[in-house]
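Report on the structure
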Amino acid sequence: MEEVDCIVIGAGVVGLAVARACALGGRETILLEAQSAIGTGTSSRNSEVVHAGIYYPPGSLKARLCVQGRQALYAYCETHGVAHWRCGKLIVATAASQLPTLRALAANAAASGVDDLQWLEAAQAQAQEPALRCVAALQSPSTGVVDSHGLMQALLGDLEAAGGMLALCSPVVSGRVDGKHGIVLQVGGDEPMEIRTPCLINSAGLQAASLAARLEGVPPETIPRMKLAKGNYYALSVASPFSHLIYPVPVKGGLGVHLTLDLGRRARFGPDVQWVDTVDYDVDPARADSFYDSIRQYWPQLPDGALHADYAGVRPKLAHAEAGDADFLIQDARQHGVPGLINLYGIESPGLTACLGIADEVLGRLSF
């Protein structure tokens, strides 16, 4: 039987960051990925936004790891030549009734360590974005966008330079906790194998809960039931008048229909929140019809027919919208009783921003 110091399952941006950290820490590390390429799921189907850490409850993992991860991510992009753009974001109130929510958001951000937000009155916001309609806005200068694929390639390069190995087309079929000897995995693919490790990090994203359920010895009651939230994106077929990301005040289950920009300055709107039972990346062009009224609250001049279907992503949620947004769930032996196993559940937004912070958090828990 093959043995290795550390196995990470799932080569999305978080799995890559965790595997890199393990390898840089001197552990012989293998990163297992069921698909034929890295980052084919949630990591490549998002807005590529670098979040400041504004929305999450102070003291939560999302708040702490987003702020920590955002700072580390910008520094990493600078040193590794990963394309990024600190374009900033405006969170806009389009009616006086939304001003208390905007003020509460500013207070929440400050309590989480986000110290650079600026309050803009309508005229100040419109001086920066003449096409914008609002009564006030919060400006977040540390929000930006990043080339997620370039980031993942850089993380993979670091992993391999540190002696780690990526194994593609290597789905984990099953596994078992083998007492004091670690965890044994049955890996499928073209070259099936059995491999043992004292350290296993489950970073399988949308499949994290089903993977944990296939590991004999993991208490079933510790495995959450995942909910799938599909987010549809619609691209703008005309030139965007905006140079910032534009977000409305948040709504239950999401951040509202917002405008994001990519590194080529192309604009798109989304994601919305569509609860689904299975992973499905098809985008219904007709759903764009419901976007127009929301967008025109802050951009009244949006032309008819300017939105077309672009792409979709699916977020691993731990709670439905009615229950509010759940925090990241990072389980170690103190929760499930299996030494050396760390399960990462519900790693949705801001997982991309927080990936390096999550990696540090995992390393800190490996002793449990």
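Since the structure is predicted, the reported quantities are computational estimates derived from the model, not experimental observations.

A closer look at the side chain of Asp158
Mapped onto the fold, Asp158 is located in helix H5 (residues 148-161). Take Asp158: its relative accessible area is 17%, and that puts it in the buried class. Of note is the side chain of Asp158, whose polar atom sits 2.7 Å from the side chain of Tyr76. The contacts of Asp158, once residues within four sequence positions are left out, are Arg20, Tyr76 and His80.

A few points about the sheet that holds strand S23 (residues 341-345)
The strand order across the open sheet built from six strands is S10-S3-S2-S14-S23-S22, with neighbouring strands paired in mixed fashion. At either margin of the open sheet sits one strand with a lone partner, and together these are strand S10 (165-167) and strand S22 (329-331). When the angles between neighbouring strand axes are averaged without regard to direction, this sheet yields 15 degrees. Here strand S3 (residues 29-32) runs beside S10; their pairing, made up of three bridges, is parallel. Residue Leu32 lies in a different strand from S10, and its bridge partner there is Ala167. Helix H9 (residues 351-365) contacts strand S14 (200-202), S22 and S23 of the sheet and is inclined by roughly 150 degrees relative to S23.

Quick notes on the nonpolar core
With 52 residues, the main nonpolar core has Ile54, Leu132, Phe269, Ile295, Tyr298, Trp299 and Leu307 as its most contacted residues. Phe269 has contacts with Asn232, Tyr233, Tyr234, Leu236, Val257, His258, Leu259, Phe291, Ile295, Tyr298, Trp299 and Leu307, leaving out every residue within four places of it along the chain.

Regarding the pattern of salt bridges
Considering all chains together, one arrives at 14 salt bridges under this definition. Notably, a salt bridge pairs Asp304 with Arg296, separated by 2.6 Å at the nearest N-O pair. Asp304 sits in the exposed class, given a relative accessible area of 67%. Take Arg296: its relative accessible area is 24%, and that puts it in the partly exposed class. Its salt-bridge partner being Glu361, residue Arg365 comes within 3.0 Å of it at the nearest N-O pair. One end of the pair, Arg365, and the other, Glu361, are both in helix H9, four residues apart, so they sit about a helical turn from each other. For the pair Arg365 and Glu361, one class covers both residues: buried. In the salt-bridge network here, residues are joined through shared partners; they are Arg64, Asp332, Arg334, Glu361 and Arg365.

Section: the environment of Ala167
Relative to the helices and strands, Ala167 is located in strand S10. With 194 residues separating them along the chain, Ala167 and Glu361 place their C-alpha atoms 24 Å apart. In this structure Ala167 touches Leu31, Leu32 and Glu33, once residues within four positions along its chain are discounted.

Things to note about the pairing of S3
Burial along S3 is two-sided: Thr29 and Leu31 and Ile30 and Leu32, pointing in opposite directions, are all buried. Two elements, strand S2 (residues 6-9) and S3, share four bridges in a ladder whose sense is parallel. Bridging from a neighbouring strand, Ile7 pairs with Ile30 of S3. For the segment spanning S2, helix H1 (residues 13-24) and S3, crossover handedness is right-handed.

Considering the packing of H1 against H9
Between two packed helices, the angle of one axis relative to the other and the distance separating the axes together describe the packing. At a closest axis distance of 8 Å, the pairing of H1 and H9 adopts a crossing angle of 35 degrees. As H1 packs across H9, the resulting crossing turns out to be right-handed. Of H9, the residues touching H1 (which contributes Val13, Val14, Ala17, Val18, Arg20, Ala21 and Cys22) are Gly351, Leu352, Cys355, Leu356, Ile358, Ala359, Val362 and Leu363. A class-by-class count of the residues in the contact of H1 with H9 yields 13 nonpolar, one polar and one charged.

Scoring rules and cut-offs
Residues numbered from 1 in each chain as written. Predicted model: local features only at pLDDT ≥ 70, side-chain atom pairs only at ≥ 80, totals over all residues. Heavy atoms only, no water. Helix = DSSP H or I, 4+ residues; strand = E, 2+ residues; numbered from the N terminus. Buried < 20%, exposed > 50% of the residue type's maximum accessible area, 1.4 Å probe, protein only. Polar contact = N/O pair within 3.5 Å; in protein donor to acceptor, adjacent residues only side chain to side chain. Contact = heavy atoms within 4.5 Å. Pairing = 2+ DSSP bridges. Axes fitted to C-alpha atoms, helices over the stretch in contact; angles between N-to-C directions. Core = buried A, V, L, I, M, F, W, Y, C linked by side-chain atoms within 4.5 Å. Salt bridge = Lys/Arg side-chain N within 4 Å of Asp/Glu carboxyl O. Right-handed = clockwise from strand over helix to strand, strands pointing away. Left-handed = near helix turned anticlockwise from the far one by under 90°. Nonpolar A, V, L, I, M, F, W, Y, C, P; charged D, E, K, R; others polar.

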